[in-house]
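# Fold and contact review
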Amino acid sequence: MMKRSVRAAVCAAVVGASAFVTGPAGNADARGEAAASVPRAPRPLNILLTNDDGWRGPGGATTPYIVAVRDALRAAGHHVVVVAPGTDQSGQGGRVSSRGEKLRVAGPEKDVWTVTPGSPSDSVYFGMDEIFPHGKPDLVVSGINPGFNFGALVNHSGTVNAALTGVEFGVPALAMSLETQPDWPEGTELAAAPAAAYVVDLVRHLEARARDGRLMPRGVALNVNYPLVQGPADPDTGSHRLADPKGTRATTVQGGAFLVPDFTPDDGASGRPGTYTMGYGAVDTSADAGSDIRAIAEDYVSVSALQDDHDVDGRTEGWVRALARGMR
């Protein structure tokens, strides 16, 4: 189906559904309370959890967002195995290591595996070959990534491409990213538990709509972006509270470049051989109606369907529309 038709269908997706959100997650106790309050899943799933930031520090202390979603999924009754890079692999896209390259695998705790210096896709490959060799997982979850992965960024995102790697094996997958705001860094920390709870609720909704036990149409991954919505300031501290997203929208991925490259020569003239310092700027364009970027700008959770053949057919567009309609 042509992209234009897909966009028209997504624009007709449900408007006004509210996102599932639990309480703030500003500290470990709040994260624990949020996980404990998650309803049990109708059917426990075997989930391979990965990301592009890696699993770093004791208990994942340096990468708390993958910990938050792992704990929330486990609290819902799912069996979750983390297979993630041992180092930060942000922006690696779908890179895979060369044949014969040595990767060091560690098991820092039960059901946690790190692959160093492996990419996100390497981690999913290892999980499929060594951790789930006799039966594929029911779902691959990639994230939670602190920072959006929308528009053209999906092409370069390790988070998104780790999910798509799962789809290569015939496993349904979703990637989850959470907004960051430089002038409100604590907001992302506050949103960790609500974003993790949203993943749990989305998985529950997928289970409820599963056909023949399959969570998604074959070859499909979902790219989810969760907005950071600033509420009113606390009159005593001046700190802003976290507000809920307005709801969920099924979206298309906005086309066109998102990043503008800026190569600055360190020696010699521009456009000549030499050493360059790489920089990026963002494209200043309006967000298309129905796009993932527009949904986030308007404080909605964005859910986009991606396929391993980078196309969307008519059956899938209808499935995404119905999924979004049922989200609260």
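What you see is a predicted model, and the numbers here were worked out from it, not measured in a lab.

## Notes on the side chain of arginine 204
Mapped onto the secondary structure, arginine 204 falls in helix H7 (residues 192–209). There is a polar contact of 2.8 Å between the side chain of arginine 204 and the side chain of aspartate 201.

## Comments concerning the sheet that holds strand E13 (residues 301–307)
With respect to topology, nine strands assemble into an open sheet ordered E3-E4-E2-E1-E5-E6-E7-E13-E10, the strand pairing being mixed. If you trace the sheet from one side to the other, it starts and ends with strand E3 (104–109) and strand E10 (248–251), each paired once. On average, adjacent strands in this sheet sit at an angle of 20° to one another, irrespective of strand direction. Relative to strand E2 (residues 79–85), helix H4 (residues 120–131) is tilted by about 135°, and along the sheet it contacts strand E1 (46–50), E2, E3, strand E4 (112–116) and strand E5 (139–146). Docked against the sheet, H7 engages E5, strand E6 (173–178), strand E7 (220–226), E10 and E13, running at close to 155° with respect to E6.

## Remarks on the environment of serine 302
With respect to the helices and strands, serine 302 occurs in strand E13. Looking at serine 302, the relative accessible area reads 0%, which means it is buried. Excluding its chain neighbours within four sequence positions, the residues that come into contact with serine 302 are Asn223, Val224, Asn225, Arg249, Thr251, Asp292, Ala295 and Ile296.

## A word on the confidence of the model for the chain
With 85% of its residues at a pLDDT of 70 or more, the chain has an overall mean of 84. Across residues 1–36 the pLDDT falls below 50, and counting only partners more than four positions away or on other chains, this stretch makes 84 contacts in the model.

## Some remarks on the packing of aromatic side chains
Following the criterion strictly, the structure yields five aromatic pairs and no others. Consider the rings of tyrosine 198 and tyrosine 226, whose centres lie 5.9 Å apart with planes at 70°: the pair is edge-to-face. Taken together, the residues tyrosine 198 in helix H7 and tyrosine 226 in strand E7 connect sequence positions 28 residues apart. Accessibility expressed as a relative area gives 0% for tyrosine 198, which makes it buried.

## Describing the pattern of salt bridges
In the structure shown here, the tally under the stated rule is six salt bridges. Across the pair glutamate 109 and arginine 70 runs a salt bridge whose closest N-O atoms are separated by 2.9 Å. Taken together, the positions of glutamate 109 in strand E3 and arginine 70 in helix H3 (residues 64–75) put the pair 39 residues apart, joining distant regions of the chain. With a closest N to O distance of 2.8 Å, arginine 204 and aspartate 201 form a salt bridge. On the criterion of helical spacing, the pair formed by arginine 204 and aspartate 201 is a turn pair, its members being three residues apart in helix H7.

## Overview of the nonpolar core
With 50 residues, the main nonpolar core has Leu174 and Leu222 as its most contacted residues. Residue contributions to this core peak at nine residues, all from H7. With residues near it in sequence (within four places) discarded, leucine 174 still touches Leu139, Val140, Val141, Ser142, Ala163, Val199, Leu202, Val203, Leu206, Met216 and Leu222. Counting 19 residues, the second-largest nonpolar core is a separate cluster that includes Met128, Val167, Val171 and Ala173.

## Quick notes on the side chain of aspartate 292
By secondary structure assignment, the location of aspartate 292 is in helix H8 (residues 292–297). In this view, aspartate 292 contacts Phe150, Gly151, Thr251, Thr252, Val253, Gln254, Ser302 and Ser304; residues no more than four positions away in its chain are not counted.

## Section: the packing of H3 against H7
Between H3 and H7, the least distance of the axes is 9 Å, while the angle of their chain directions is 45°. It follows from the interaxial angle that H3 and H7 lie oblique. The hand of the H3/H7 crossing is right-handed. Within the contact between the two elements, H3 uses Tyr65, Ala68, Val69, Ala72 and Leu73 and H7 uses Ala192, Ala196, Val199, Val200 and Val203.

## Quick look at a nonpolar patch on the surface
A grouping of Leu259, Phe263, Met278 and Tyr280 is seen on the molecular surface, where their side chains present a nonpolar patch of about 420 Å² in accessible area. Looking at the nonpolar patch, the elements that each hand over two or more residues are strand E11 (259–265) and strand E12 (276–282). Tracing the backbone shows leucine 259 in strand E11.

## Observations regarding the packing of H4 against helix H5 (residues 158–168)
The geometry of H4 relative to H5 is characterised by a closest axis approach of 8 Å and an angle of 30° between their N-to-C directions. In terms of orientation, H4 lies roughly parallel with respect to H5. As H4 packs across H5, the resulting crossing turns out to be right-handed. Where H4 abuts H5, its residues Pro120, Ser121, Val124, Tyr125 and Met128 lie against Gly158, Asn161, Ala162, Thr165, Gly166 and Glu168. When the residues that make up the contact of H4 with H5 are grouped by side-chain class, the tally is five nonpolar, five polar and one charged.

Here is what the cut-offs are and how they apply
- Residues numbered from 1 in each chain as written.
- Predicted model: local features only at pLDDT ≥ 70, side-chain atom pairs only at ≥ 80, totals over all residues.
- Heavy atoms only, no water.
- Helix = DSSP H or I, 4+ residues; strand = E, 2+ residues; numbered from the N terminus.
- Polar contact = N/O pair within 3.5 Å; in protein donor to acceptor, adjacent residues only side chain to side chain.
- Pairing = 2+ DSSP bridges.
- Axes fitted to C-alpha atoms, helices over the stretch in contact; angles between N-to-C directions.
- Contact = heavy atoms within 4.5 Å.
- Buried < 20%, exposed > 50% of the residue type's maximum accessible area, 1.4 Å probe, protein only.
- pLDDT = per-residue confidence, 0-100.
- Phe/Tyr/Trp six-rings, centres within 6.5 Å; stacked < 30°, edge-to-face > 60°.
- Salt bridge = Lys/Arg side-chain N within 4 Å of Asp/Glu carboxyl O.
- Core = buried A, V, L, I, M, F, W, Y, C linked by side-chain atoms within 4.5 Å.
- Parallel < 35°, antiparallel > 145°, perpendicular 65-115°, else oblique.
- Left-handed = near helix turned anticlockwise from the far one by under 90°.
- Patch = residues over 30% accessible without salt bridge, like charges linked within 9 Å, V, L, I, M, F, W, Y side chains within 5 Å.
- Areas by Shrake-Rupley, 256 points an atom, 1.4 Å probe, with all protein chains shown as cover.
- Nonpolar A, V, L, I, M, F, W, Y, C, P; charged D, E, K, R; others polar.

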